[in-house]
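Summary of the model geometry
Residues per chain, in single letters:
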Amino acid sequence: MAEGIPALLLPQPVKVHEVRHTKIFINNEWHTSISGRTFPTFNPATGAKICDVEEADKEDVDKAVQAARAAEQRGSPWRRMDASSRGRLLHQLADLMERDRRLLATLETLDTGKPFLQSFFIDLDGSIKTLRYYAGWADKIHGKSLPVDESFMCFTKHEPVGVCGAIIPWNFPLLMFMWKMAPALSCGNTVVIKPAEQTPLTALHIGALIKEAGFPPGVVNIVPGFGPTAGASIASHMDIDKVAFTGSTEIGQLIKEASAKSNLKRVTLELGGKNPCIVFADCDLQLAVEETQKGAVYNQGQCCTAASRIFVEESIYEEFVRRSIETAKKIVIGDPLDPQTSHGPQISRQQFDKIMDLIESGKEEGARLEYGGSAVGEKTLYIQPTIFSGVKDHMRIAKEEVYNLFQFTTDGSDTGMEIFGPVQCIFSFKRQQEAIERANNSKYGLVSAVFTTSMDRALTVSAALETGTVWINCYNALHAQTPFGGYKMSGNGRELGEYALAEYSEVKAVTIKLSETL
Ligand code: NAD
Ligand code: NW8
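Please read all numbers here as calculations on a predicted model, not as lab measurements.

1. What to know about helix H6 (residues 173–186)
Spanning 14 residues, H6 covers 20 Å between terminal C-alpha atoms, matching the ideal 20 Å at 1.5 Å per step. For H6, a buried count of 14 out of 14 residues is recorded, marking the element as mostly surrounded by other parts of the structure. Looking one or two places after H6, you find Gly-188, whose phi comes out positive at around 95°.

2. A look at the site of ligand 1
The immediate surroundings of ligand 1 are formed by 27 residues, with Ile-168, Trp-170, Glu-197, Ser-248 and Lys-354 found nearest. In this structure, an oxygen atom belonging to ligand 1 sits 3.3 Å away from a main-chain N or O atom of Gly-227. Within the contact set of ligand 1, an oxygen atom lies 2.7 Å away from a side-chain nitrogen or oxygen of Ser-248. Every element with two or more residues in the shell around ligand 1 is listed here: helix H8 (227–235), strand S10 (242–246), helix H9 (249–261) and helix H12 (349–364). Taken together, the residues of the shell around ligand 1 sort by class into 14 nonpolar, eight polar and five charged.

3. Here's the deal with the pairing of strand S8 (residues 190–194)
By the criterion of burial, S8 is predominantly enclosed, with five of the five residues buried. Alternating residues of S8 divide into Thr-190, Val-192 and Lys-194 and Val-191 and Ile-193, and every residue in both groups is buried. Bridge analysis of strand S7 (residues 163–167) against S8 gives five bridges, and the strand direction is parallel. Bridging from a neighbouring strand, Ile-167 pairs with Lys-194 of S8. Traced from S7 through H6 to S8, the parallel crossover comes out right-handed. Alignment of S8 against strand S9 (residues 220–222), held across three bridges, turns out to be parallel. Note on S9: the bridge partner recorded for Val-191 is Val-220. Since S8 and S9 lie parallel, the crossover through helix H7 (residues 201–213) that links them has a hand, and here it is right-handed.

4. Considering the packing of helix H3 (residues 83–99) against H7
Between H3 and H7, the least distance of the axes is 9 Å, while the angle of their chain directions is 130°. When the axes of H3 and H7 are compared, the pair comes out oblique. Considering the relative orientation of H3 and H7, their crossing is right-handed. The residues of H7 that touch H3, namely those facing Leu-89, Gln-92, Leu-93, Leu-96, Met-97 and Arg-99, are Ile-206, Leu-209, Ile-210, Glu-212 and Ala-213.

5. Here's the deal with the site of ligand 2
All residues adjacent to ligand 2 are Ile-122, Gly-126, Thr-130, Phe-172, Leu-175, Trp-179, Tyr-298, Cys-304, Thr-305, Asn-476, Leu-478 and Ala-480. Its free accessible area being 490 Å², ligand 2 has 91% of it covered by the protein chains. Of all the secondary-structure elements, those providing two or more residues to the shell around ligand 2 are helix H5 (116–137) and H6. Residue contributions to the shell around ligand 2 peak at three residues, all from H5. Looking at the shell around ligand 2 residue by residue, the classes come out as eight nonpolar, four polar and no charged.

6. Considering the side chain of Arg-86
Considering the arrangement of structural elements, one finds Arg-86 in helix H3. No salt bridge is formed by the buried Arg-86; its nearest oppositely charged neighbour, Asp-82, is found at 7.9 Å. Leave out the neighbours within four places in its chain, and Arg-86 touches Trp-78, Met-81, Ala-138, Leu-185, Ser-186, Cys-187 and Gly-188.

7. A closer look at the packing of aromatic side chains
All told, the structure shown has 11 aromatic pairs when counted by the stated rule. Residues Trp-78 and Phe-215 carry aromatic rings whose centres are separated by 6.0 Å and whose planes lie at 50° to one another, so their mutual orientation is tilted. In this pair, Trp-78 is assigned in helix H2 (residues 77–80) and Phe-215 in the loop between H7 and S9, connecting sequence segments 137 residues apart. For Trp-78, a relative accessible area of 2% gives the class buried. For the ring pair Phe-280 and Phe-429, a centre distance of 5.6 Å and an interplane angle of 85° mean the geometry is edge-to-face. Highlighted residues: Phe-280 in the loop between strand S12 (275–279) and helix H10 (285–297) and Phe-429 in strand S16 (residues 423–429), separated in sequence by 149 residues. Taken individually, Phe-280 and Phe-429 each receive the classification buried, so the pair is uniform in this respect. Put simply, the rings of Phe-116, Phe-120 and Phe-121 pair up and form one aromatic cluster. The ring of Phe-352 has Arg-349 sitting right over it, with the charged end atom 5.0 Å from the ring centre.

So, how was this worked out
Residues numbered from 1 in each chain as written. Chains lettered and ligands numbered in written order. Predicted model: local features only at pLDDT ≥ 70, side-chain atom pairs only at ≥ 80, totals over all residues. Heavy atoms only, no water. Helix = DSSP H or I, 4+ residues; strand = E, 2+ residues; numbered from the N terminus. Expected span 1.5 Å × (residues − 1). Buried < 20%, exposed > 50% of the residue type's maximum accessible area, 1.4 Å probe, protein only. Near = heavy atom within 4 Å. Polar contact = N/O pair within 3.5 Å; in protein donor to acceptor, adjacent residues only side chain to side chain. Nonpolar A, V, L, I, M, F, W, Y, C, P; charged D, E, K, R; others polar. Pairing = 2+ DSSP bridges. Right-handed = clockwise from strand over helix to strand, strands pointing away. Axes fitted to C-alpha atoms, helices over the stretch in contact; angles between N-to-C directions. Parallel < 35°, antiparallel > 145°, perpendicular 65-115°, else oblique. Left-handed = near helix turned anticlockwise from the far one by under 90°. Contact = heavy atoms within 4.5 Å. Areas by Shrake-Rupley, 256 points an atom, 1.4 Å probe, with all protein chains shown as cover. Lys, Arg positive; Asp, Glu negative; His and termini not counted. Salt bridge = Lys/Arg side-chain N within 4 Å of Asp/Glu carboxyl O. Phe/Tyr/Trp six-rings, centres within 6.5 Å; stacked < 30°, edge-to-face > 60°. Lys NZ or Arg CZ within 6 Å of the ring centre and 35° of its normal.

This is the structure:
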């Protein structure tokens, strides 16, 4: 990202002497936890504690839900506000994020370990664009009038669902917050949002900006805390109307179960994938090598969109592997705050151990380790970008989804679904049909990619792939306008784009009997 640009000309992180916002945000005010408990958040690059954060639990979630309910009731300032003013407020928040962009990017990097320039250019840019996109929708959300039989007329109206819960993962803390909050507010809902326990800091700064932007109290409430406590209380709450979740498949299943057993709140899920790429011999080879590698290792491999199964046509297989190794050598591992760094640490010891275990199993089961495969230094959370080739489909690194589902149904234990680390697995294929079948042979269906210069082939293969997104000659090409979500066990519903509005509104049909006809 910073290639060829002198470091001095690039945006720089701010020196954060102290983190300003560490409390629970309810009704535009900062609250200490009812239990009196706090929890620490760490910098994964150094292992140092950044600060302590107030720990929300069930009682704090109840308080946040009460505030959100009062704020969405008919007659409240938020419900009385006209739709274009709602849009103005979302733009106002985007302006404040632009003002605080370096600080937000620095906090995101401290909390996640992702390289600063990625925080600055990708996460902040995507977050701001998502807000502005839904700001534009606020006064363009409307129903239809329907020509019904006999002497009736009918119109539909899109109303807010009510109080929307959101449970956010640690891999894109700010971006996932915006993917959920922006469409929810655009439709006129109020929200209770739980950031991941590993990464609460940027969400809390947004709390301060929400207040400064002038949102009425209770419209946005932020409850930092743990999954089994604060998260589970959102999922099973009797007075939350909808919950949106991004994270592991196992917890996604618990969320849906909790909804079923409580009040049947609406559920949207964005879960994992074992995302396939199909690389044909007629592709632009250098482009395919670079995009699939970025797909696999971007954000230290911690993406729901991670390219984890790369199928390459036999005739270019060896050259593809050779070039992938060359490209991996250019990745700069280092201090995430240094603008030259392109690869940081994994988020936590738990994730690090899981990934190293999977790398070891790959070696043992006979995959060829072409590059990397080790931790960097002692007692750090850094893992080298790693390439396996000659991977047969039966091996554990390739079939982790089957392995995990088996574990889940037998003893309920969680070994995590994806590798979720910087590991690229390259397979070879002979025929197009074979590649499609192998790509589709998964419980998941989040994203896939096709590399070819034949438009015909690109369209034929994209039609056959069972995934919510198909990228052709690109990877991780996400846009606020484009819906994103999974087929099969990768999730339910869509985020982003016009489609996401349907997840945050109820449709009311009003039918009128006309007494007079002409
Ligand atoms: P997770 O699913 O446990 O965490 C995601 C969010 O859910 C966090 O906010 C967490 O606090 C919350 N949560 C956890 N348990 C909950 C519960 N019982 N009820 C309600 N909310 C709960 O993910 P993790 O444990 O941090 O990571 C495990 C694996 O999940 C990773 O290795 C990776 O494979 C996957 N993952 C996927 C994504 C994604 O973007 N799809 C993001 C993070 C992790
Ligand atoms: C929303 C998102 C984006 C955007 C750009 C570039 C690289 C990677 C990602 C990405 C609006 C506009 C732009 C990315 C983000 C999230 C996941 C995986 C990849 N997003 N981007 Cl889960």
